Amino acid sequence: MTYTLKTFIASSGERFSQLYEADEPGLPLFYPTAFIARSVRPSATHETQKVYLAVIKRICEWESTRNIDLAMCFHRRKFLSATQIDDLANYLRASKLGSQGSVISSPKYNTYLAYAAVYLRWLAQEVITDANTRDIRDAIEAQDIMLLRKKRRKAGSKSARGQRILAARLSTEARNLLLELFEQPFEGVQQPQDFGPRLRNVVMLRVLYETGMRAGELLSLKLKNLIEACGGDSAYLEIGRNHHDAVDNRLHQPVAKTLGRRVPISESLEDQLKEYRNNWRAEVPKVGFSDEDFIFVVHRGGRSQGQALPKTAFGAGLANLKQSFRVLIQLHPHLLRHDWNYRFSKQADIEGLSFEEERTLREQLMGWAPDSPMSRLYNLRHIEDKSHEIGLKIASDTARITA
């Protein structure tokens, strides 16, 4: 049996997803729907809900292929055996997109396993009428422990991951190419219908480069969020929390994961944003011009023309740029966020900022909460550079020793 995940938008703007049998799409599956509605939805984002449902979908597929009905088994006080736990864990780890025998990454698998354990615990407690008796509680707990023991040790240490993040930045060649594109966005464009999308894609990359914002925040920018320079103050972009935006008709709504904030932009980027808004976006059929309409829209003909640009379309536009400029092949939106933090650290050194000043300003510009772990991680570069400088001076003392 096959299953499918469907996403809907409520009248309030809230996104929600449900799991269906592909052959009987009329009603969603009862227990997965109840679990999400009562146990996950009140405290989790839609993205987290979709991950839970992706895990439950795999569990349902496993039940179907093994001819097992977990709800009925639990109702009869029959729990998963060690062999079944192993088999389920292997099924959760198998990659659906790769070649036969390929597996998903260990971090993703560990998340799937943890979410599966939560759902199976809930399901057992839901269908067993006397689930609070001592022997039933112990049986559910034992099943839970057996499943969670299948977690895989993450490759590499936390420290090594931190070092990889600190080292992530644009190559010199990619940086130079991007800066050239910012100045000459139409480089290599020949077809008239490609000029608008090219300028849009380059301006979007420039926003990411100059501000370090996330792709979801970029795609959520509305016309009202561009605040033009006035009275000697520079232009800036206003980022706000936008979960369950009733105006956004994208099923998979891009959202801001970080705190709302204002991020300054250069005069040149302000000019390009206004050029795109006034001369290219304005010519797109069916496009809106209210404050609540989105800056970056679909240019190509079709039902979505003039509407907010989906994340997939931005990804396709970036892929086209990589095809035209192979030096950008490693570029992805989050790399520009890492690169921004690298350049911020360098500028903080030039400005002579203290550790606390650097941390506070970084948190504000990135939208992180005070004393954010990510802020402390990026500030490690400041500490490492200073310690290297002082260590080199101490090491150089040996040169002064004379007989």
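Predicted model only: the values in this text are computed from it and were never measured. (Residues numbered from 1 in each chain as written. Predicted model: local features only at pLDDT ≥ 70, side-chain atom pairs only at ≥ 80, totals over all residues. Heavy atoms only, no water.)

Q: Please clarify how the pairing of strand β4 (residues 236–239) should be interpreted in this entry.
A: When a strand is regular, its side chains alternate between the sheet's two faces. Sheet topology note: the strand β3 (residues 226–227)/β4 ladder contains two bridges and is antiparallel. Among the inter-strand pairings, L226 is bridged to a residue of β4, identified as L237. One ladder, built from four bridges, connects β4 with strand β5 (residues 261–264); its direction is antiparallel. Bridging across to β5, Y236 finds its partner in P264. (Pairing = 2+ DSSP bridges. Helix = DSSP H or I, 4+ residues; strand = E, 2+ residues; numbered from the N terminus.)

Q: Where do I start with the packing of helix α4 (residues 82–93) against helix α5 (residues 106–127) in this structure?
A: When two helices pack together, their arrangement is given by the angle between the helix axes and the distance between those axes. Between α4 and α5, the shortest axis-to-axis distance is 9 Å and the interhelical angle comes to 130°. One way to sum up the angle between α4 and α5 is to call them oblique. Our pair here, α4 against α5, has a crossing hand that is right-handed. Each of L88, A89, L92 and R93 in α4 lies in contact with α5, whose residues at this interface are Y109, Y112, L113, A116 and L120. By residue class, the composition of the contact of α4 with α5 is eight nonpolar, no polar and one charged. (Axes fitted to C-alpha atoms, helices over the stretch in contact; angles between N-to-C directions. Parallel < 35°, antiparallel > 145°, perpendicular 65-115°, else oblique. Left-handed = near helix turned anticlockwise from the far one by under 90°. Contact = heavy atoms within 4.5 Å. Nonpolar A, V, L, I, M, F, W, Y, C, P; charged D, E, K, R; others polar.)

Q: Even after reading the chapter, I still don't get the environment of R121, so can you show me in this structure?
A: Within the fold, R121 resides in helix α5. In this structure the C-alpha to C-alpha distance between R121 and N225, which are 104 residues apart in sequence, comes to 44 Å. Apart from the residues within four sequence positions on either side, R121 is in contact with I140, E141 and D144.

Q: Any chance you could explain unusual backbone geometry here in plain terms?
A: Note: most residues except glycine have negative phi, and most peptide bonds are trans. One non-glycine residue with positive phi stands out, namely K286, at about 70°. You can see K286 is positioned in the loop between α11 (267–280) and α12 (311–324). By relative accessible area, which is 57% here, K286 ends up exposed. Positive phi, close to 60°, is recorded for D371, a residue that is not glycine. One can find D371 in the loop between α14 (355–366) and α15 (373–395). With a relative accessible area of 42%, D371 lands in the partly exposed category. (Buried < 20%, exposed > 50% of the residue type's maximum accessible area, 1.4 Å probe, protein only.)

Q: Just checking my understanding: could you explain the environment of S266 for this structure?
A: Mapping S266 onto the fold places it in the loop between β5 and α11. S266 sits 59 residues away from V207 along the chain, and the two C-alpha atoms are 9.6 Å apart. Dropping the residues within four chain positions of it, S266 is found in contact with R206 and E210. In terms of polar contacts, S266 uses its side chain to reach the backbone amide nitrogen of L269, at 3.1 Å. (Polar contact = N/O pair within 3.5 Å; in protein donor to acceptor, adjacent residues only side chain to side chain.)

Q: Would you explain the sheet that holds β5 in this entry?
A: Backbone-to-backbone hydrogen bonds join strands into a sheet, with any given pair of strands oriented parallel or antiparallel. Taken in spatial order, the three strands line up as β3-β4-β5 in an open sheet, and their pairing is antiparallel. One side of each edge strand has no neighbouring strand; the edge strands of this open sheet are β3 and β5.

Q: How should I be thinking about the packing of aromatic side chains in this particular structure?
A: For any pair of aromatic rings, geometry is given as the distance between the ring centres together with the angle between the planes. Throughout the structure, instances matching the rule amount to 16 aromatic pairs. Judged by centre distance (5.6 Å) and plane angle (45°), the ring pair of F186 and W280 falls under tilted. Placement of F186 in the loop between α8 (172–183) and α9 (195–211) and of W280 in helix α11 is noted, with a sequence separation of 94 residues between them. Under the relative-accessibility criterion, F186 is labelled partly exposed at 25%. One aromatic cluster is present, built from ring pairs that chain together F35, Y52, Y115, Y119 and W122. Over the ring of Y109 we find R93; its NZ or CZ atom is 6.0 Å from the centre of that ring. (Phe/Tyr/Trp six-rings, centres within 6.5 Å; stacked < 30°, edge-to-face > 60°. Lys NZ or Arg CZ within 6 Å of the ring centre and 35° of its normal.)

Q: What is the right way to read the side chain of R337 from this model?
A: Tracing the backbone through its elements, the reader meets R337 in helix α13 (residues 333–351). Setting aside its immediate chain neighbours within four residues, R337 contacts G212, M213, R214, T258, R261, M366 and W368.

Q: Please explain α4 as it appears in this structure.
A: Note that an α-helix has 3.6 residues per turn; residues three or four places apart therefore point the same way. When the terminal C-alpha atoms of α4 are compared, their 17 Å separation across twelve residues agrees well with the 16 Å that a helix rising 1.5 Å per residue should span. By the burial criterion, the buried members of α4 are I85, L88, A89, Y91 and L92. The buried residues of α4 occupy one face: seen down the axis, they fall within an arc of 160°. Exposed residues lying more than 90 degrees from the buried face of α4 are T83 and N90. In the core, the buried residues of α4 are packed alongside α2 (46–66), α5 and α6 (134–148). (Expected span 1.5 Å × (residues − 1). Arc of directions from axis to C-beta.)

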